[in-house]
Amino acid sequence: NKIGVIFDLDGVIVDTAKYHYLAWNNLANALGFEFTEAHNELLKGVSRVRSLEILLEIGNVQLSEEKKQKILVSKNEEYLSYIKKMNANEILPGAEKLLNTLDGLGVKYVLGSASKNAELILNQVDLYHRFYGVVDGNAVSKAKPDPEVFLIGAKKLNLPPKNCIVFEDAIAGVEAANIANMTSVGIGDRETLKQAHFNFNSLTEIPEDFFRKFIV
Ligand code: G6P
Ligand code: MG
């Protein structure tokens, strides 16, 4: 019985969540309202367009379609200015070791991210070549918690969803994995991600033999 792994990117492999937060926070401040870290949790794993909608709901701000399009472009420009300075030092602790473990077990892994910048980010940190496949925001039409991104990932792995293990830091992502009938592993705050089947504060806490119970 074969297993495969699907990794979320932002907040699991790399700490880009802080750059998203910086850019959204600057935008909220420019629009004249407070945007807290708790608010930011709601944007994690969520597509760019949907993130803006949620942010505007939080601020109770209404904007024209035209203005929203402009904001989406400038938010991404600011975000990209941070991304372009990234290097392999920004790979989150435990990530490379985990990939090494999977390589050693012969377990394939793909990326399952809502980000349209996923390939760029993976290249910045020199991890792109290690993934068996990449499913990103350009490949999906429905944002997490819709399971589409992970179901496409399972297809790439050529495995049924129940044989896939998803690593996620976002509430929406854990939900998507659960709806897809996959095993969800929440990385981050246990209380926030209580819907996950397994929880770890960071990838460094995953025991060496974690995958043994799935390989039968
Ligand atoms: C990830 C992040 C979200 C982000 C989304 C889209 O899922 O967790 O916070 O909004 O990707 O990212 P993008 O790079 O396309 O703006
Ligand atoms: Mg994430």
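Please read these numbers as outputs of a predicted model, since none were measured by experiment.

**Remarks on the overall build of the protein**
1) Next: Across its full length, the protein carries 8 helices and 6 strands.
2) Next: Ordering the α and β elements of the protein from the N terminus gives β-α-α-α-α-α-β-α-β-α-β-α-β-β.
3) Next: For 216 residues, the compact-globule formula gives about 17 Å, and the C-alpha radius of gyration of the protein, at 17 Å, lands near that figure.
4) Next: Every one of the 216 residues in the protein was classed for burial, and the buried ones make up 38%.
5) Next: Considering only contacts in the protein between residues 6 or more positions apart, those separated by 24 or more positions represent 60%.

**Details of the sheet that holds strand β5 (residues 183–187)**
1) Next: Spatially, β3-β2-β1-β4-β5-β6 is the arrangement adopted by the 6 strands of the open sheet, whose pairing is parallel. Two strands lie at the open edges of the sheet, namely β3 (133–135) and β6 (198–200), each paired on one side alone. Geometrically, the sheet is characterised by an average inter-axis angle of 25° between neighbouring strands, direction not taken into account.
2) Next: Alignment of strand β1 (residues 4–7) against strand β2 (residues 108–112), held across 4 bridges, turns out to be parallel. The residue of β2 that forms the bridge with Phe7 is Leu111.
3) Next: Running over the sheet, helix α7 (residues 148–157) touches β1, β2, β3 and β4 (164–168) and is turned about 155° from β2.

**Some details on the pairing of β2**
1) Next: With 4 of its 5 residues buried, β2 lies for the most part within the structure.
2) Next: Relative to β3, β2 is paired through 3 bridges, and the arrangement is parallel. Note on β3: the bridge partner recorded for Gly112 is Val135.
3) Next: Handedness of the β2-helix α6 (residues 118–124)-β3 crossover: right-handed.

**Digging into helix α3 (residues 48–59)**
1) Next: Spanning 12 residues, α3 covers 17 Å between terminal C-alpha atoms, matching the ideal 16 Å at 1.5 Å per step.
2) Next: Within α3 the residues assigned to the buried category are Ser51, Leu52 and Leu55. Angular distribution of buried residues about the axis of α3 spans 100°; they occupy a single face of the element. Relative to its buried face, α3 has exposed residues pointing more than 90 degrees away, namely Val49, Glu53 and Glu57.
3) Next: In the core, the buried residues of α3 are packed alongside α1 (17–31) and α4 (65–83).

**Remarks on the site of ligand 1**
1) Next: Around ligand 1, the structure places 17 residues, and the nearest of them are Arg48, Ala114, Ser115, Lys116 and Asn117.
2) Next: Of the residues in the shell around ligand 1, the class split is 4 nonpolar, 9 polar and 4 charged.

**Some details on the packing of α1 against α3**
1) Next: Contact pair α1 / α3: the axes reach a minimum separation of 11 Å and the direction vectors enclose 40°. Taken as axis vectors, α1 and α3 run oblique relative to one another. Taken as a pair, α1 and α3 cross one another with a handedness that is right-handed. The residues of α3 that touch α1, namely those facing Trp24, Leu27, Ala28 and Leu31, are Ser51, Leu55 and Gly59.
2) Next: When its residues are assigned to classes, the contact of α1 with α3 shows 5 nonpolar, 2 polar and no charged.

Reading the values: the criteria
- Residues numbered from 1 in each chain as written.
- Chains lettered and ligands numbered in written order.
- Predicted model: local features only at pLDDT ≥ 70, side-chain atom pairs only at ≥ 80, totals over all residues.
- Helix = DSSP H or I, 4+ residues; strand = E, 2+ residues; numbered from the N terminus.
- Rg over C-alpha atoms; globule rule 2.2 N^0.38 Å.
- Buried ≥ 20, exposed ≤ 12 C-beta atoms within 10 Å, placed from the backbone.
- Contact = placed C-beta atoms within 7 Å.
- Pairing = 2+ DSSP bridges.
- Axes fitted to C-alpha atoms, helices over the stretch in contact; angles between N-to-C directions.
- Right-handed = clockwise from strand over helix to strand, strands pointing away.
- Expected span 1.5 Å × (residues − 1).
- Arc of directions from axis to C-beta.
- Near = placed C-beta within 6 Å.
- Nonpolar A, V, L, I, M, F, W, Y, C, P; charged D, E, K, R; others polar.
- Parallel < 35°, antiparallel > 145°, perpendicular 65-115°, else oblique.
- Left-handed = near helix turned anticlockwise from the far one by under 90°.

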